Amino acid sequence: MNDSTVAVIVVAAGSGTRLGRPEPKAFVPLGDDTVLGVALDAVLGMSDAPYLVVVAPDERVEEARAIVAARAGGASVAFDVVAGGETRQESVSRGIGALPHVIETVLVHDAARPLTPSIVFDEVAAAVRARGHGVVPGLPVIDTIKRVDARGRIVATVDRSELAAMQTPQGFPRSALEHAYSRAHGEHTDDAALVESVGMPIDIVPGDARAFKITVPADLHRAEQLVAERADTAAAITTPAGAASVVVPRVGTGIDVHAFADDAGTPLWLAGLNWPGERGLSGHSDGDAVAHAICDALLAAAGLGDIGGMFGTADPRFSGAHGEVFLAETVRRLADAGFRVGNVSVQVVGNRPKLAPRRAEAEALLTRVVGAPVGVTATTTDGLGFTGRGEGVTAIATALIVPGPGQA
Ligand SMILES: Nc1ccn([C@@H]2O[C@H](COP(=O)(O)OP(=O)(O)OP(=O)(O)O)[C@@H](O)[C@H]2O)c(=O)n1
Ligand SMILES: C[C@](O)(CO)[C@H](O)COP(=O)(O)O
């Protein structure tokens, strides 16, 4: 058995009213499994197996125990299953009550977010241990948000740069979580809100688009598609029949360089974002080297040429055009050619802008436009070369794409 001091409480006791299925949401089929089963696989994929507490509807505790035992036994993971309460908060509270004494770090996770990658659990647990206080994954808010009155009339537009959409797993030192649960008043929709309410600090780390919550039928449909894609990939790689028709992914590389503009008033657009206060890049379009490098990597992988060949270098229709325009069209052309994007990794080389504070925002925006995970990293060249002298920016992208039937 594991001797971890980390526990994950998986809350699965909700009824799933908004999903509108006869069975509670965690027991709804997902692929050849259930929502709960898929969520547990993600937890059990952590690099160090945690202690597991599953909180199930009162009448489904034994069914949940069988689902957990089938997996946790093989993984030598110690676990408990307890009955939940009327609200999520009550269910979490009952999960906390089932923690063994040795546990020091607690992650609370919604079973309703079954496709959360295991690495998110690892990162949240590591961050809680390193910082000694609460850590929750969040994504930047992409839509414009309005405050609305009871009549449905807009009262104000909220500054979304101050907002983040909360996901789970939400991690806390055990002592902080227990303290907050023993002191908090009223009902809170997540554990961070409850811990905040007693004045304890919580940090946000980047969430993951795959950690979306299954709330309404469209979410379940999206999860089913992702699970089916995962199963197809696994079958292609692991089964003898699949080996004969294995789908070979393709990779492509793209590099783009733009000089900083002479005019200090030129706005900077990079990674799809506007960077107020930073000098812009020169170019026929908006000079977004990150978006352009990604386009080249995608086009190269698909054998569709490059961004210059596709959009020209002086077409007046693209004068000042934002990177999103080129990216969206590139992805569309790939789809027409029978490819879908697996993932993209792009590195920015330059002194400015400092990417780290807005990395999550850039990744979320690019991920949305590309329709697949986009990771963004940044580095400097220790003062060497044109990037080191602060004369411009380089971006280097690698894209992995998957051919559809007939393309392999
Ligand atoms: N009494 C409750 C309510 C919710 N949850 C869990 O909290 C997570 C987030 O809740 P939500 O997605 O809102 O689930 P439901 O309450 O089931 O959905 P609905 O509000 O549509 O009924 C889910 O994993 C759910 O199982 C729980 O354990 N106990
Ligand atoms: C915990 C949570 O998933 C964070 O986003 C969310 O608050 C719970 O969902 P609900 O729909 O508010 O119950």
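Nothing here was measured: the structure is a model prediction, and the numbers come from that model.

### Things to note about the nonpolar core
1) Next: Core analysis: the largest hydrophobic core is formed by 61 residues, its most contacted members being Ile9, Val10, Ala12 and Val54.
2) Next: Per element, the largest residue contribution to this core is 8 residues, and it comes from helix H1 (residues 35-44).
3) Next: Grouped together as the second largest cluster of nonpolar side chains are 49 residues, Leu270, Ala297, Val349 and Leu365 included.

### Thoughts on the UniProt feature "binding site: a divalent metal cation" (unreviewed entry) in the chain
1) Next: Per the UniProt record, "binding site: a divalent metal cation" (unreviewed entry) is annotated on Asp256, His258 and His292. Sequence-wise these annotated residues cover 37 residues; spatially they are packed, their C-alpha atoms never more than 10.2 Å apart.
2) Next: With respect to the helices and strands, the residue Asp256 is situated in strand S13 (residues 250-259).
3) Next: Excluding residues that lie within four positions of it along the chain, Asp256 makes contacts with Ala289, His292, Ala293, Asp296 and Ala395.
4) Next: Residue class for His258 comes out buried when judged on the 22 C-beta atoms lying within 10 Å of it.
5) Next: If near-sequence neighbours (up to four positions away) are discounted, His258 is found in contact with Leu281, Ser282, Gly283, Gly287, Ala289, Gly392 and Val393.

### Considerations on the packing of H1 against helix H2 (residues 61-72)
1) Next: In contact at an axis separation of 10 Å, H1 and H2 are set at 35° when each is read in the N-to-C sense. Considering how the two elements wind past one another, H1 and H2 form a crossing that is right-handed. Here H1 contributes Leu36, Gly37, Leu40, Asp41 and Leu44 to the contact with H2, which in turn contributes Ala64, Ile67, Val68, Arg71 and Ala72.

### Some thoughts on the environment of Arg340
1) Next: Positionally, Arg340 belongs in strand S16 (residues 339-349).
2) Next: In this structure Arg340 comes out as partly exposed when scored by C-beta crowding, with 14 C-beta atoms within 10 Å.
3) Next: Residues Arg340 and Gly404, 64 residues apart in the sequence, show an inter-C-alpha distance of 7.3 Å.
4) Next: Once residues lying within four places of it in the same chain are set aside, the contact partners of Arg340 are Ala335, Ile401, Val402 and Gly404.

### Considering the sheet that holds S16
1) Next: A sheet is described by the order of its strands in space; here 4 strands give the open sequence S13-S18-S16-S17, paired in mixed fashion. Here the strands that pair on one side only, and so sit at the sheet edges, are S13 and strand S17 (374-379). For this sheet, the mean angle separating the axes of adjacent strands, direction not counted, is 15°.
2) Next: Here S16 pairs with strand S18 (residues 392-403) via 10 bridges, running antiparallel. Across the sheet, Val349 pairs through a bridge with Thr394, a residue of S18.
3) Next: Its contacts with the sheet put helix H9 (residues 289-302) on S13, S16 and S18, and the angle it makes with S13 is roughly 150°.
4) Next: Where helix H11 (residues 323-336) meets the sheet, it contacts S16 and S18, and its direction lies at approximately 145° from that of S16.

### What about the site of ligand 1?
1) Next: Among the 22 residues in the neighbourhood of ligand 1, the closest are listed as Ala13, Gly14, Thr17, Arg18 and Ser91.
2) Next: Along the lines of polarity and charge, the residues of the shell around ligand 1 split into 7 nonpolar, 9 polar and 6 charged.

### Describing H11
1) Next: For H11, which comprises 14 residues, the first-to-last C-alpha distance of 20 Å matches the rise-based estimate of 20 Å (1.5 Å per residue) to within 8%.
2) Next: If you check which residues of H11 are buried, you get Gly323, Phe326, Leu327, Thr330, Val331 and Leu334. Seen along its axis, H11 keeps its buried residues to an arc of 130°; they face one direction. Seen from the open side of H11, the exposed residues pointing more than 90 degrees away from its buried face are Arg332 and Asp336.
3) Next: Buried residues belonging to H11 abut strand S14 (267-270), H9, helix H10 (307-311), S16, helix H12 (359-370) and S18.

Each value, and the rule that gives it
- Residues numbered from 1 in each chain as written.
- Chains lettered and ligands numbered in written order.
- Predicted model: local features only at pLDDT ≥ 70, side-chain atom pairs only at ≥ 80, totals over all residues.
- Core = buried A, V, L, I, M, F, W, Y, C linked by C-beta atoms within 7 Å.
- Buried ≥ 20, exposed ≤ 12 C-beta atoms within 10 Å, placed from the backbone.
- Helix = DSSP H or I, 4+ residues; strand = E, 2+ residues; numbered from the N terminus.
- UniProt positions renumbered as here; feature names shortened; annotations may be inferred.
- Contact = placed C-beta atoms within 7 Å.
- Axes fitted to C-alpha atoms, helices over the stretch in contact; angles between N-to-C directions.
- Left-handed = near helix turned anticlockwise from the far one by under 90°.
- Pairing = 2+ DSSP bridges.
- Near = placed C-beta within 6 Å.
- Nonpolar A, V, L, I, M, F, W, Y, C, P; charged D, E, K, R; others polar.
- Expected span 1.5 Å × (residues − 1).
- Arc of directions from axis to C-beta.

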